[in-house]
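Tertiary structure, described
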Amino acid sequence: TVTEYRRDLARSHGNLGVALGESDPAAALASCEAARAIFQELVDDHPTVTEYRRDLAGSLLGLADLQSETGDVARALASYDAARATQQRLVEDHPE
C-alpha cells in the first residue's frame, strides 16, 4: 500500500542519513529530517498505529544525535525532547 511505501521511504532516508553521518553531515541531517517528516505525516494520518509513533521517536533520536555531533545543541535538545515526549505517550497509551 501507499502507506507501506511511505514508511519504507522514511526508513531509506534514515538509513542514508546514518551512512552519510561522518562523510557528509549536512546531507545526513537532510536525510534524517526527511525521514522524521515522513514519519510525522504517518503518525498524523494514522494516530492509532503505534509502530509509526515508535518509528517517529527513533527518527527523532537519530536526528538529535546528528544535531549534537554537528554542534547544534539547541536543536538536538529539542529533538531529544520530542523523542522523549513521543515515547512517553506510547508508554501512557500502552501501560500493559
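Before reading further, recall that the structure is shown in the block above.
Below or above, wherever it landed, is the structure these notes cover. (Residues numbered from 1 in each chain as written. Predicted model: local features only at pLDDT ≥ 70, side-chain atom pairs only at ≥ 80, totals over all residues. Heavy atoms only, no water.)

This paragraph deals with the layout of surface pockets. Here the largest pocket is characterised by a volume of approximately 190 Å³. Only helix H1 (2-20), helix H2 (25-45) and helix H3 (50-69) provide two or more residues apiece to the lining of the largest pocket. For the lining of the largest pocket, the per-class residue count stands at six nonpolar, five polar and two charged. (1 Å grid on protein atoms, 1.4 Å probe; cavity = no way out; pocket = protein on both sides within 12 Å on 5 of 7 lines; lining within 4 Å. Points joined across faces, edges and corners; volume = space filled by probe spheres on them. Helix = DSSP H or I, 4+ residues; strand = E, 2+ residues; numbered from the N terminus. Nonpolar A, V, L, I, M, F, W, Y, C, P; charged D, E, K, R; others polar.)

Glancing now at the environment of Ser 31. Secondary-structure assignment places Ser 31 in helix H2. Here Ser 31 falls in the buried class, since its relative accessible area comes to 7%. Sequence separation between Ser 31 and Leu 90 is 59 residues, and the spatial gap between their C-alpha atoms is 25 Å. Ignoring anything within four residues of it in the chain, the contact list for Ser 31 reads His 13, Gly 14, Leu 16, Gly 17 and Leu 20. (Buried < 20%, exposed > 50% of the residue type's maximum accessible area, 1.4 Å probe, protein only. Contact = heavy atoms within 4.5 Å.)

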